[in-house]
Amino acid sequence: MTAKVAYADVEVGAELPARSFPVDRATLVRYAGASRDFNPIHWNERFAKEVGLPDVIAHGMFTMAQAARVVTDWAGDPGAVVDYGVRFTKPVVVPDDAEGALIEVSAKVGAKLDDAERTVRVDLTVTSEGRKVLGMSRAVVRLA
Amino acid sequence: MALDQSFTGRTYPPARPYEVGREKIREFAEAIGDDSPAYVDMAAAKELGHPDVIAPPTFVFTLTFDEAMRVVRDPQLGLDYGRLVHGDQKFHYVRPVCAGDLLSVTSTIESIKSLAGNEVMDVRGDVHDAQGELVVTVHTKLVVRAAEGE
């Protein structure tokens, strides 16, 4: 495990590069296949509306995977992630139009946890359409 | 109908082990749009100190979810699958999942609670490799929404 960010160089409050991730229906079909999660709420508008959703919604795990990219791209080694957790608070609604939806992720170093282990906690803010879609979104990363 | 709380603490032994394939990791990484070389390029993964290409952090959920669904579909538990929502998701990694790993998931129902008419169930998946070493612990909170009119 070889993170490319040095623990000594990181200060609490430091912001990680923010990212926006577009998601459309094709993205969801592809994720359904790769993850083997074929729940029709993620691809079938008729079914989604029947169960009370506004439209097709993204897999929560897809959104969680997108948010992780901000952390792993920053750390340089995806294997440096020690802990990662989220709460699914609101769905990412993905309309069947040219744009789809946008998942916006910002993150900052919330705490330096352990000088010997060189671990930091990264706090993530994940929104779509201005609404928070993940809550309590935190990763612990072991730095160099 | 409330879930049978006596299921708390019940453990479900692993089904057949899952062999982590390089092409499956590549497919998953492409599906989440992540072009990190650690997922697809053996030399890059080795440079980072990994024995083979590694899987993205959330990949292992594709295994543990199958196992959690075995629990959820246990007819004795009496859970209405159609009202099931994913509440929280947490991973604690001992090491990253690598191509070539032969992984077995043991699922445990950690708690069953009723909260504001919803049933909340915490399922833990302990993922071990072929040597019996723990690789990752996966915590999944499932919420069964209250049925209409209940």
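These figures come from a predicted structure and were not determined experimentally.

Reading the values: the criteria
- Numbering of residues starts from 1 in every chain and runs along the sequence as written.
- The lettering of chains begins at A and the numbering of ligands begins at 1, in the order of writing.
- Where local features are concerned, this predicted model is filtered to residues with pLDDT of at least 70; where side-chain atom pairs are given and counted, the filter is 80 or more; whole-chain, interface and lining totals use all residues.
- With hydrogens and water excluded, all non-hydrogen atoms of the structure serve as input to the side-chain values.
- A run of H or I in DSSP counts as a helix once it spans at least four residues, and a run of E counts as a strand once it spans at least two, with each numbered from the N terminus.
- In this scheme, a residue with accessible area under 20% of its type's maximum is buried, one over 50% is exposed, and one in between is partly exposed, where area comes from a 1.4 Å probe on protein chains only.
- Throughout, the Shrake-Rupley method with a 1.4 Å probe supplies accessible areas, and for residues the shown protein chains are the sole cover considered.
- Neither His nor the chain ends contribute to the count of charged residues, in which Lys and Arg are positive and Asp and Glu negative.
- For this purpose, a charge sits on NZ of Lys, CZ of Arg, CG of Asp or CD of Glu.
- The nonpolar core is taken to be a set of buried Ala, Val, Leu, Ile, Met, Phe, Trp, Tyr and Cys residues, with the residues joined through side-chain atoms within 4.5 Å.
- Throughout, a contact is declared for two residues whenever any of their heavy atoms are within 4.5 Å.
- Here the buried area means the combined drop in accessible surface, using a 1.4 Å probe, for two parts upon being joined, counting both sides.
- Salt bridges are identified by distance alone: a Lys or Arg side-chain nitrogen within 4 Å of an Asp or Glu carboxyl oxygen.
- UniProt positions are given in the numbering used here, feature names are shortened, and annotations may be inferred rather than shown by experiment.
- Only when DSSP finds a minimum of two bridges between them are two strands counted as paired.
- Note: the arc covers the axis-to-C-beta directions of the helix.
- In the analysis that follows, any N or O atom pair within 3.5 Å is treated as a polar contact, provided that within protein one partner can donate a hydrogen and the other can accept it, and provided that, for residues neighboring in sequence, both atoms belong to side chains.

Looking at this model, I keep getting lost on the overall build of chain A. Mind explaining?
A count of helical and extended segments in chain A gives three helices and five strands. Seen in sequence order, chain A has helices and strands lined up from the N terminus as β-α-α-α-β-β-β-β. Summarising its shape, the C-alpha atoms of chain A cover approximately 55 × 30 × 25 Å along the three principal directions. Counting over 144 residues, chain A shows a buried share of 51%. For chain A, the exposed surface amounts to about 6,600 Å²; the carbon and sulfur share of it is 50%. Averaged over its 18 positive side-chain charges, chain A has a centre that lies 3 Å from the centre of its 20 negative ones.

Looking at this structure, how should I read the nonpolar core?
Soluble, globular proteins show a tendency: their nonpolar side chains are buried together. Ranked by internal contacts, the top residues of the largest apolar core, which has 72 residues, are Trp74, Tyr84 and Leu143 of chain A together with Phe91 of chain B. A total of 10 residues in this core trace back to one element, the largest contributor, which is helix α3 (residues 60-75) of chain A. If sequence neighbours within four positions are ignored, phenylalanine 91 of chain B has contacts with Met61, Met64, Val82, Asp83 and Tyr84 of chain A together with Pro57, Thr58, Val60, Phe61, Val136, Thr137 and Val138 of chain B.

Mind showing me how you'd approach the interface of chain B and chain A here?
When the parts of a complex come together, some accessible area is lost, and that lost area is often taken as the interface size. Counting residues at the interface gives 34 residues for chain B and 32 residues for chain A. The junction of chain B with chain A conceals about 2,700 Å² of combined surface from both sides, 55% of it contributed by carbon and sulfur atoms. Of all residues in chain B, Ala31, Ile32 and Leu48 of chain B give up the largest surface area on contact with chain A, accounting jointly for 20% of the area buried on that side. The interface formed by chain B and chain A holds three salt bridges in total. For arginine 36 of chain A, the salt bridge is made with aspartate 66 of chain B, and the minimal N-O distance between the two is 2.7 Å.

Where do I start with the pattern of salt bridges in this structure?
Pairing is possible between side chains that carry opposite charge, provided their charged atoms lie close to one another. Residue and element names in this part refer to chain B. According to the stated counting rule, one finds 20 salt bridges over all chains in the structure shown. Glutamate 27 is paired through a salt bridge with lysine 24; the nearest N and O atoms lie 3.2 Å apart. Taken together, the residues span about one helical turn, with glutamate 27 and lysine 24 both in helix α1 (residues 22-31) at a distance of three residues. The partly exposed category is assigned to glutamate 27, whose relative accessible area is 35%.

What's the story with the UniProt feature "domain: FAS1-like dehydratase" (unreviewed entry) in chain B in this structure? I'm lost.
Taking the UniProt record as the reference, the feature "domain: FAS1-like dehydratase" (unreviewed entry) is found at residues 7-137 of chain B. Along residues 7-137 of chain B one finds 21% helix and 33% strand; the C-alpha atoms at either end are 20 Å apart.

I keep staring at the pairing of strand β6 (residues 134-144) of chain B and nothing clicks. Help me out?
Two faces, one strand: in a regular strand the side chains alternate between the faces of the sheet. Residue and element names in this part refer to chain B. Most of β6 is tucked away: eight of the 11 residues are buried. In this structure, strand β5 (residues 118-128) lies alongside β6, joined through 10 bridges in antiparallel fashion. Within the sheet, the bridge partner assigned to valine 123 lies in β6 and is threonine 140.

When you look at α1 of chain B in this model, what are you seeing that I'm missing?
Structural remark: α-helix, 3.6 residues per turn; residues separated by three or four positions point the same way. Listed in full, the buried residues belonging to α1 of chain B are Lys24, Ile25, Phe28, Ala29 and Ala31 of chain B. The arc that holds the buried residues of α1 of chain B, viewed along the axis, is 160°, so those residues lie on one side. Its buried side turned inward, α1 of chain B meets α1 (25-35) and α3 of chain A together with β2 (18-19) and α3 (61-72) of chain B. Positive phi shows up at glycine 33 of chain B, right after α1 of chain B, with a value of about 70°.

Got a minute to help me understand the side chain of aspartate 126 of chain B in this structure?
Residues and elements named next belong to chain B. Residue placement: aspartate 126 occurs in strand β5. For aspartate 126, the side chain forms a polar contact with the side chain of arginine 124, separated by 2.9 Å. Once you skip the residues sitting within four places of it in the chain, aspartate 126 turns out to touch Ser104, Val105, Thr106, Leu134, Val136 and Thr137.

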